[in-house]
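Results of the structural survey
Listed below, chain by chain, are the residues.
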Amino acid sequence: MQNCLFCKIIKGEIPSTKVYEDEFVYAFLDIEPQAPFHAVIVPKIHIKSADEINTENSMYIAKIFEAVAKIAKQENLENGYRVVNNCGADGGQTVGHIHFHLLARRNLQWPPG
Ligand code: AMP
Ligand code: ZN
């Protein structure tokens with residue numbers, strides 16, 4: 001989609017530090033990391049938010065979680081990690097292309113606040 005930051009990152013029009021890529025998914029380091037390891041994982045199709053997941057596109061979400069497991073092994077995140085999706089204004093979503101934060105290498109508190 002035109003004027004979507006993450007579509008531009010996927011196309012390489014905006015630089016990013018790639019962590020993982022396959023046919024369905026692209027993952028890169030967050031520019032403002034909230035943990036010593038903080039990647040953003042996005043589907044290679046434009047889905048606005050979790051609110052727009054449906055039977056046609058949900059395979060991409062499964063692929064994202066397959067990527068999570070691969071990245072965790074690749075990055076040796078054996079102590080665990082957190083996967084976060086922010087949806088909409090109250091959820092704290094600032095980029096309108098669905099994405100999952102993969103946070104690791106620090107003890108993450110719960111509830112998150
Ligand atoms: P959210 O607030 O859940 O919508 O997350 C958007 C995330 O994208 C934030 O954690 C930002 O730091 C991150 N972000 C924004 N622009 C970039 C960029 N150019 N490269 C990497 N991460 C970015
Ligand atoms: Zn997009």
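Below or above, wherever it landed, is the structure these notes cover. (Residues numbered from 1 in each chain as written. Chains lettered and ligands numbered in written order. Predicted model: local features only at pLDDT ≥ 70, side-chain atom pairs only at ≥ 80, totals over all residues. Heavy atoms only, no water.)

Focus on the side chain of histidine 99
For clarity, the threshold we go by: Helix and strand assignments come from DSSP, with helices taken as H or I runs of at least 4 residues and strands as E runs of at least 2, each series counted from the N terminus. Polar contacts here mean pairs of N or O atoms no more than 3.5 Å apart (in protein, one a potential hydrogen donor and the other a potential acceptor; neighbouring residues in sequence count only if both atoms are side-chain atoms).
Structurally, histidine 99 is set in the loop between α3 (88-91) and β5 (100-104). A polar side-chain atom of histidine 99 sits 2.7 Å from the main-chain carbonyl oxygen of histidine 97.

Some details on the pairing of β5
Note the cut-off: Burial here depends on accessible area, computed with a 1.4 Å probe over protein chains only, as a share of the maximum for the residue type. Under 20% is buried, over 50% is exposed, and the range in between is partly exposed. Following DSSP output, two strands are said to pair if at least two bridges run between them.
The element β5 is extensively covered by neighbouring structure, given that five of its five residues are classed as buried. Burial along β5 is two-sided: the residues Phe100, Leu102 and Ala104 and His101 and Leu103 are all buried. Inspection of the sheet shows strand β3 (residues 37-43) paired to β5 by five bridges, in the antiparallel sense. By the bridge assignment for β5, isoleucine 41 is matched with phenylalanine 100. As paired strands, strand β4 (residues 81-84) and β5 are joined by four bridges and run antiparallel to one another. Paired with valine 84 across the bridge in β5 is histidine 101.

Structural notes on the coordination of the zinc ion (ligand 2)
What counts is decided by this rule: Each metal's donors comprise the N, O and S atoms found within 2.8 Å of it (within 3.2 Å for Na, K or Ca). Water is not part of the atom list, so some coordination spheres may appear incomplete. Working rule for geometry: tetrahedral if four donors all subtend angles between 85 and 135 degrees; square planar for four, octahedral for six, if opposite donors exceed 155 degrees and the others stay between 65 and 115; irregular in every other situation.
The coordination sphere of the zinc ion (ligand 2), as far as protein atoms go, consists of Cys4 (SG), Cys7 (SG), His46 (ND1) and His97 (ND1), spread over 2.1 to 2.3 Å. Geometry at the zinc ion (ligand 2) is tetrahedral, judged from the four donor atoms that bind it and their angles of 107 to 115° at the metal. Sequence spacing of the donor residues for the zinc ion (ligand 2), all on one chain, is C-x2-C-x38-H-x50-H. Here cysteine 7, found in helix α1 (residues 5-11), pairs with histidine 46, found in the loop between β3 and α2 (58-74); they are 39 residues apart in sequence, far enough to count as distant. Residue classification places cysteine 7 among the buried positions, given a relative accessible area of 9%.

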